[in-house]
Amino acid sequence: LKVSPAFTAVAVLALAVGIGANTAIFSVVNAVLLRPLPYHDSARLIRVWSSEPAKGIPRMGFAPPDFRDLRDQNQVFEGMAAYYFNAFNLAGTGSPERLRGTIVTPNLFSLLGVAPAEGRGFQPEEETFGRHRIVVLSHGLWQRRFASDPGILNQALQLNGAPYTVVGIMPPQFQFPTDQIELWAPMAFAPDDEMNTRDNHFVDAVARLKPGVALEQARANVDTIARRLEREHWENAGIGAVVESYQEALVGDARRALLILLGAVALVLLIACANVANLLLARAAAREREIAIRAALGAGRFRLLRQLLAESLLLAAIGGALGLLLAYWSLDGLVALGGSSLPRAQEVGIDGRILSFTLGLSLLTGLIFGLAPSLHATRSGLARSLKLPRHRLSASRLLVVSEISLALVLLVGAGLLIRSFHRLLRVNPGFQAEKVWTAQLTLPDSKYRQTRKSAAFIAQLLKEIEALPSVQAAGATTSLPLSSAGGWGKFISIEGRPPATSLEQVPVVQYRQVTPAYFSAMGIRLLKGRLFTERDNPDAAGAAIINSALARRFWPNEDPIGKRIWMGPPESLLIPLLRPGQRFDPFPRLTIVGIVEDVKHDGLSQVAVPEVFHPHFQGGEETATYLFLAVRTTADPLALSSAVRAKLSALDPELPLANVMTMEQRLSDSVSRPRSTMLLLGVFAALALTLASVGLYGVISYSVAQRTHEIGIRMALGARQADVLQLVLKQGIRLVAIGLAVGLAAALALSRLLSSLLFGVSAADPATFFVVSVLLTAIALLASYIPARRAARVDPMAALRYE
């Protein structure tokens, strides 16, 4: 290897790229799919959901009473805990800050098998309202905000305007349910809390199976309880349950993308192995005499084979070591490319399993690319040492055909994802993202419980923001497009239509509260009617704006403007269910005053769902205190942040802003997963194309070198340069044609695996297959043309003296 530095460098570099790419992707697969969750006996942890399949809702949270019934009545769980996300405004200790928290049942930590590193967890009695104002901090928050001060234990923090006592600090590595959570507080409901009812599905559930209980048994038991609750409570009509492994629920649809990428890098490694095998085959020609002499001096075939394999294994070991370094250097970029869409990203790294994988892969690679050339080399005898073994050239051509076909498979996959991503970016989101600043704001109930007070505060804040230079419009909403916060699912009824005969038949739509200037701030187009104005106040008649999807569903052939709706089921279904003496207040009627364009709230690839927008000031008892601000400006949107914070601080110095970003950033983040998959597969396809082209170039060059004497004779007998050029190019074209035929068949079969990752493009898209085939052919012909041109310029006299 030392005396052949060019050969060694090329072989090691090809192997390092292949092994490094495999190691990097396997590091992600190991962290996301293979490594157990960082909780005690995590294989028995499961995720439980409510579902309403009749309304197209495959998964949703539990209503708190439903969760408690399932927890108490099941026979398959060792324990069951609930949680939901909640924001906390921290004040009184430095500048105000919004913290991401989770409200949990007191048994959550014990269910996960994790205890606080300092202090204690929650006690069962702290699930009682009035005894629930305690909090456990994450290790990260403890370090960042309180400088790891142990004296914070048993001290009170001002959270959402109320004192919470710090009772514990979790270990450094603990994260639940995401790595962004900074504190946990016990779940407790006031006796009159409307959220503690069977028609509010917002709590998530995690459970631990009893030893020996299978997932199918759990599904059957949970389904039995769901059917029982459906019979006992009218609110549970059509409500079922879904049970799945907690790790499966956490990984979600990232599994398919990761496995496809792992398959892609495996193909890159196979192409690299084929390239190195071709190099070894070419090198074996120069060692024919050496091998023949060793054999004549008594070396057996096994000994010769062992020597050559030792050389190939050494090459693979050096390539593996360099590949491990490449993987280590690329991990941060790989995780950053995955963005927030990559689950368990913080656990990605190089560990013992990764080192073992790289070592095993290096040894296997050495055997794969070294075995065939070694067998060919040891077949040669002394009598054949001066001849070119035809089987060697045939093997090289077979390897090149394999490289071309594998490269075509990767190029087709990358091409399909590129076309899909391009189609995704061309989707109209229903709003204008340019020059829009956004942030989250939460008003604590302790200070803004009165609905008119909270509505007046938001109105005043928006008025102050609109007075800022460069601001064109400022609005607020309960659910911003492409944010993590979804809308409220609410029943809808239409005045004058025959009422539904059962609750299951009542349609559900998305309900969002907005301020008057919200549509202008977001650039959402009005299609008909009018937008909300300041006159749509609590004293005015109820108004509503609907989106085009809702209009098409309920009024396909008539004008919905002026129609009256209410956000609830028909009263005729509820009145018979009232308890004796229970009062029933009819739902407020809303008059439809406008229709706006459909907005892609849940993602560019998702179908727009029916939506009702209601003036925030008319929300009544349901007036939201958690809102997203949206501000349209003519200048740099992020330059507004300090000015808006100053306006907010002047109105209430204890209120923080959170999740400050532009709508363009939100739009970009929403496509991070398809973008990262496309980019990675594109990089691997480019590597495969490069390696395949180099392999083809090497084989044609080797063939030309071996046929130099023949070419000299042809030219001496009158062959022109064009004839020689055509002769050599035909050889390359033949290899490319066979590789394309095999590759197209394989790509057509394997591209179906990408179907779930594609948007607006068929897995058998003819345009992609055609363009990729033309591209690969052009590059392959260029790789063949260079040695062909060199052959055509051979001096006949020099060629006749060759060898």
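Residues numbered from 1 in each chain as written. Predicted model: local features only at pLDDT ≥ 70, side-chain atom pairs only at ≥ 80, totals over all residues. Heavy atoms only, no water.

## Remarks on the overall build of the protein chain
Counting its regular elements, the protein chain contains 23 helices and 23 strands. By its C-alpha atoms, the protein chain is 110 × 60 × 55 Å across when sized along the principal axes. Split into buried and exposed, the 803 residues of the protein chain put 52% on the buried side. Within the protein chain, counting contacts between residues at least 6 apart in sequence, those at least 24 apart form 82% of the total. In the protein chain, 79 side chains carry a positive charge and 63 a negative one; their mean positions are 13 Å apart. (Helix = DSSP H or I, 4+ residues; strand = E, 2+ residues; numbered from the N terminus. Buried < 20%, exposed > 50% of the residue type's maximum accessible area, 1.4 Å probe, protein only. Contact = heavy atoms within 4.5 Å. Lys, Arg positive; Asp, Glu negative; His and termini not counted. Charge placed at Lys NZ, Arg CZ, Asp CG, Glu CD.)

## Some thoughts on a nonpolar patch on the surface
Residues Leu-322, Leu-325, Leu-326, Tyr-328, Trp-329, Ile-350 and Leu-355 make up a contiguous nonpolar surface patch of about 670 Å² in total accessible area. Here the nonpolar patch takes 5 residues from helix α9 (residues 301–338), the largest share from any one element. Note on placement: Leu-326 falls in helix α9. Judged by its relative accessible area of 32%, Leu-326 falls in the partly exposed class. (Patch = residues over 30% accessible without salt bridge, like charges linked within 9 Å, V, L, I, M, F, W, Y side chains within 5 Å. Areas by Shrake-Rupley, 256 points an atom, 1.4 Å probe, with all protein chains shown as cover. Salt bridge = Lys/Arg side-chain N within 4 Å of Asp/Glu carboxyl O.)

## Considerations on the side chain of Glu-403
Mapped onto the secondary structure, Glu-403 falls in helix α11 (residues 390–425). Among buried Asp, Glu, Lys and Arg side chains, Glu-403 stands out as unpaired, with Arg-397 the closest opposite charge at 13 Å. Residue contacts for Glu-403: discarding those within four places in its chain leaves Ile-271, Ala-274, Asn-275, Asn-278, Leu-691, Ala-692 and Gly-695.

## A look at the packing of aromatic side chains
This model, assessed by the stated rule, comprises 19 aromatic pairs. Residues Phe-554 and Trp-555 carry aromatic rings whose centres are separated by 6.2 Å and whose planes lie at 65 degrees to one another, so their mutual orientation is edge-to-face. Note on accessibility: Phe-554 and Trp-555 belong to one class, buried. Just above the ring of Trp-49 sits the side chain of Arg-47; from NZ or CZ to the centre is 3.6 Å. Over the ring of Tyr-448 we find Lys-453, and its NZ or CZ is 5.6 Å from the ring centre. (Phe/Tyr/Trp six-rings, centres within 6.5 Å; stacked < 30°, edge-to-face > 60°. Lys NZ or Arg CZ within 6 Å of the ring centre and 35° of its normal.)

## Observations regarding a negative patch on the surface
Taken together, the side chains of Asp-192, Glu-194, Asp-199 and Glu-621 define an acidic patch exposed on the protein surface. Within the element layout of this structure, Glu-194 appears in the loop between β9 (183–186) and β10 (204–209).

## A word on the environment of Asp-192
Along the chain, Asp-192 falls in the loop between β9 and β10. Residues Asp-192 and Val-660 lie 468 residues apart in sequence; the distance between their C-alpha atoms is 34 Å.

## What about the packing of helix α21 (residues 721–750) against helix α22 (residues 766–792)?
Direction vectors running N to C along α21 and α22 enclose 155 degrees, while the axes themselves pass 8 Å from each other. Comparing the axis directions of α21 and α22 gives the class roughly antiparallel. Regarding α21 and α22, the two cross each other, and that crossing is right-handed. Side by side, α21 and α22 meet where Gln-721, Val-724, Leu-725, Val-728, Leu-729, Gly-732, Ile-733, Val-736, Leu-740, Leu-744, Ala-747 and Leu-748 of the first sit next to Phe-769, Ser-773, Leu-776, Thr-777, Ala-780, Leu-781, Ser-784, Tyr-785, Ala-788, Arg-789, Ala-791 and Ala-792 of the second. When its residues are assigned to classes, the contact of α21 with α22 shows 18 nonpolar, 5 polar and 1 charged. (Axes fitted to C-alpha atoms, helices over the stretch in contact; angles between N-to-C directions. Parallel < 35°, antiparallel > 145°, perpendicular 65-115°, else oblique. Left-handed = near helix turned anticlockwise from the far one by under 90°. Nonpolar A, V, L, I, M, F, W, Y, C, P; charged D, E, K, R; others polar.)

## Some remarks on helix α13 (residues 451–466)
Look at α13: 23 Å from first C-alpha to last across 16 residues, which is about the 22 Å you get at 1.5 Å a residue. Summarising the contacts, the buried residues of α13 are in contact with β12 (436–442), α12 (445–448), β13 (471–477), β22 (626–633) and α17 (641–651). (Expected span 1.5 Å × (residues − 1).)

## Observations regarding α22
Between the first and last C-alpha of α22 there are 37 Å, a value that for 27 residues agrees with the 39 Å anticipated at 1.5 Å per step. The sharpest bend along α22 comes to roughly 25 degrees, located at Tyr-785, with the proline Pro-787 sitting one to four residues further on. Within the span of α22, buried status applies to Thr-768, Phe-769, Val-772, Ser-773, Leu-776, Ala-780, Ala-783, Ser-784, Pro-787, Ala-788, Ala-791 and Ala-792. (Bend = angle between axes of the 7 residues up to and from the residue.)

## Here's the deal with the confidence of the model for the protein chain
Averaged over all residues, the pLDDT of the protein chain equals 88, while 94% of them reach at least 70. Predicted confidence is poor over residues 381–390, with pLDDT under 50, and the contacts of this stretch with residues over four places away or in other chains come to 11 contacts. (pLDDT = per-residue confidence, 0-100.)

## Some thoughts on the nonpolar core
Phe-369, Leu-410, Phe-684 and Leu-696 are the most contacted members of the largest nonpolar core, which has 92 residues in total. Among residues more than four places away in sequence, those in contact with Leu-410 are Ala-264, Leu-267, Val-268, Leu-681, Phe-684, Ala-685 and Ala-688. Listed in part, the 41 residues of the second largest apolar core include Val-76, Met-80, Leu-157 and Tyr-164. (Core = buried A, V, L, I, M, F, W, Y, C linked by side-chain atoms within 4.5 Å.)

## Some thoughts on unusual backbone geometry
In terms of backbone geometry, most residues other than glycine have negative phi values and most peptide bonds are trans. A cis amide bond links Phe-176 to the next residue, Pro-177, at an omega of -10 degrees. Residue position: Pro-177 is located in the loop between β8 (162–169) and β9.

## A look at the pairing of strand β3 (residues 77–91)
Most of β3 is tucked away, with 12 of its 15 residues classed as buried. Bridge count for β3 against strand β7 (residues 156–159) is 2 bridges, and the pairing is antiparallel. Residue Leu-90 lies in a different strand from β7, and its bridge partner there is Leu-159. (Pairing = 2+ DSSP bridges.)

## Structural notes on the pattern of salt bridges
Scanning all chains against the criterion turns up 36 salt bridges. Among the salt bridges present, the one from Glu-248 reaches Arg-255, with a minimum N-O distance of 2.7 Å. Judged by relative accessible area, Glu-248 falls into the partly exposed class, the value being 36%. Three or more residues are tied together by salt bridges with common partners; here these are Glu-97, Arg-100, Arg-144, Arg-145 and Glu-182.

## A look at the pairing of β12
Of all 7 residues making up β12, 7 are buried, and the element is well covered by its neighbours. Of the two faces of β12, the one holding Val-436, Thr-438, Gln-440 and Thr-442 and the one holding Trp-437, Ala-439 and Leu-441 are both buried throughout. When β12 meets β22, the two strands line up antiparallel, connected through 7 bridges. In the strand pairing of β22, Thr-438 is matched with Ala-630.

## Digging into the environment of Ala-722
In this fold, Ala-722 is placed in helix α21. Put simply, Ala-722 and Ala-788 are 66 residues apart on the chain and 9.8 Å apart in space, counted from C-alpha to C-alpha.

## Overview of the side chain of Thr-677
Note on placement: Thr-677 falls in helix α19 (residues 672–706). At 3.0 Å, the side chain of Thr-677 and the backbone oxygen of Arg-673 are in polar contact. Those residues in contact with Thr-677 that lie beyond four places of it in its chain are Ala-257, Leu-261, Leu-417 and Leu-757. (Polar contact = N/O pair within 3.5 Å; in protein donor to acceptor, adjacent residues only side chain to side chain.)

## Observations concerning the packing of helix α1 (residues 5–34) against α9
Two elements in contact, α1 and α9, have axes separated by 6 Å at closest approach and are oriented at 45 degrees. The angle between α1 and α9 places the two elements in the oblique class. Two packed elements cross with a definite hand, and for α1 against α9 that hand is right-handed. Its residues assigned to classes, the contact of α1 with α9 shows 19 nonpolar, 8 polar and no charged.

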